[in-house]
Each structure stands twice: as C-alpha cells, then as structure tokens.
Amino acid sequence: MRMIPVRYSRLILLALLLIAGSVSAQELRLTLTMSPKPSPYIAEWQSRKETATLTIINASGKSVDAKLRAKVTLDDAMRAETKNESMPIIAVPPGVSTYAADQLFPGDAVRFSGGIDKTATKTGMLPAGMYQLCVDLIGPIDSKPLSTQACRQFSITSYQLPVLQLPENGKTLAATEKPTFRWTPVVPLPQGGVRYML
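Residues numbered from 1 in each chain as written. Predicted model: local features only at pLDDT ≥ 70, side-chain atom pairs only at ≥ 80, totals over all residues. Heavy atoms only, no water.

### A look at the pairing of strand 3 (residues 64–74)
Counting buried positions along strand 3 yields nine of eleven residues, so the element is predominantly enclosed. Note: strand 3 against strand 5 (residues 90–92), three bridges, orientation antiparallel. Counted as the bridge partner of Asp65 is Ala91 from strand 5. Where strand 3 lies against strand 8 (residues 129–138), eight bridges are found, and the strand directions are antiparallel. The residue of strand 8 that forms the bridge with Ala70 is Val135. A loop of two residues connects strand 3 with strand 4 (residues 77–82), the two strands running antiparallel in sequence, and Asp75 in this loop sits at a positive phi of about 55 degrees. (Buried < 20%, exposed > 50% of the residue type's maximum accessible area, 1.4 Å probe, protein only. Helix = DSSP H or I, 4+ residues; strand = E, 2+ residues; numbered from the N terminus. Pairing = 2+ DSSP bridges.)

Okay, here's the thing in structure tokens:
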C-alpha cells in the first residue's frame, strides 16, 4: 500500500474544506420581496401577507432545520427584531419554499428598541421614516447564520388624521333630521383611498 506524503494530504484536506465551505454558503438562497409602503400598523402585517414574502431556495438536496430571523432598522439603528427563542423551528425542504409576513414577523415574537417600543405600544404603529427589513436563516440551537441576509427598504408615512367638522361637537339633531358628516381630508392621501367606519 502506497502512502500519500503528509504535505499532499494537508493540501487535499484544505481543498476539500474550501470546496465544502463554498457549497454550504450557496445551499440556502433567500429572496425578499416587500411592499415599499406597508401599513404602519405592525398588527396588519399579520393579516396582509403580501406585506413581505421570503422565498428560500434550498439547493442542498435535504431538509434543513432553521429559524427565521428578521431585523428592522431605521437610520442604521436596530428598531425591531424577532426573538430567536420565540421563533418556531421550520424544516426548509429541498427546492423552493415561500414564507409570508406573518411567519417572518409574528406579533408575539417581536422585540422593539430605540424608543419605538413606547410608540408601538402606545399607538400600535411604527413612526414615519425610511426603514430596512433584513431576514436570514439561523441554526435552531446555536443561532449561527445558515444563509446570507436578504434585505429590502420600505417607508412608513405619517398621516394627519381626519377631524370631524360636521355635525359640530355636542350638536343635538332632531329625530327627523338626517345628519351630514364632513371630515378634514387625510394628508397625504393614502394609495388605497380612505374609508370611514361609523
């Protein structure tokens, strides 16, 4: 039996490690699609699944256990992130998988910071500004990154809410009188229009 010299075996081992490292970095590819102007109400992200969609391509040929990790930044400072310990473990099957906003940012697994925690708790809204959402996959036990981050920018617009002009506050209407309601306009006008509920 012929022995491989030590220096060649080290080179072969190094080459195998480099090849294995480059393959694993490419096994999980993420693509994030996001509405450029989502609702400022984070609770609506749960019901409006089109707010954000994450597509994962698992080229490993086997199922990979992972957790989704999402981070929201404003002016390069962390404002919200998922709590790794509260995120469910997902089995990413080989091929293409899609995850919606409610899976990326479940309401009970979000931690706010940088003053947004007070605003979001009080109003249920993110303050106006230009944000960035980044999502990656992490190991379910060690939280080590399993993929590169996929990021998208989005903006939250601050609206001036309508004020009731008619009928005047405290005015008593006769039983036969049909009231006419008039509000100041919402500024700026939202893309989907304004709907009033009485």
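### Here we look at the state of the cysteines
A full pass over the atoms with the stated rule returns one disulfide. Residue Cys134 pairs covalently with Cys151 via a disulfide, S to S 2.0 Å. Its S-S torsion of approximately 115 degrees makes the covalent link between Cys134 and Cys151 right-handed. One end of the pair, Cys134, is in strand 8; the other, Cys151, is in strand 9 (residues 150–156), and 17 residues separate them in sequence. (Disulfide = S-S within 2.5 Å.)

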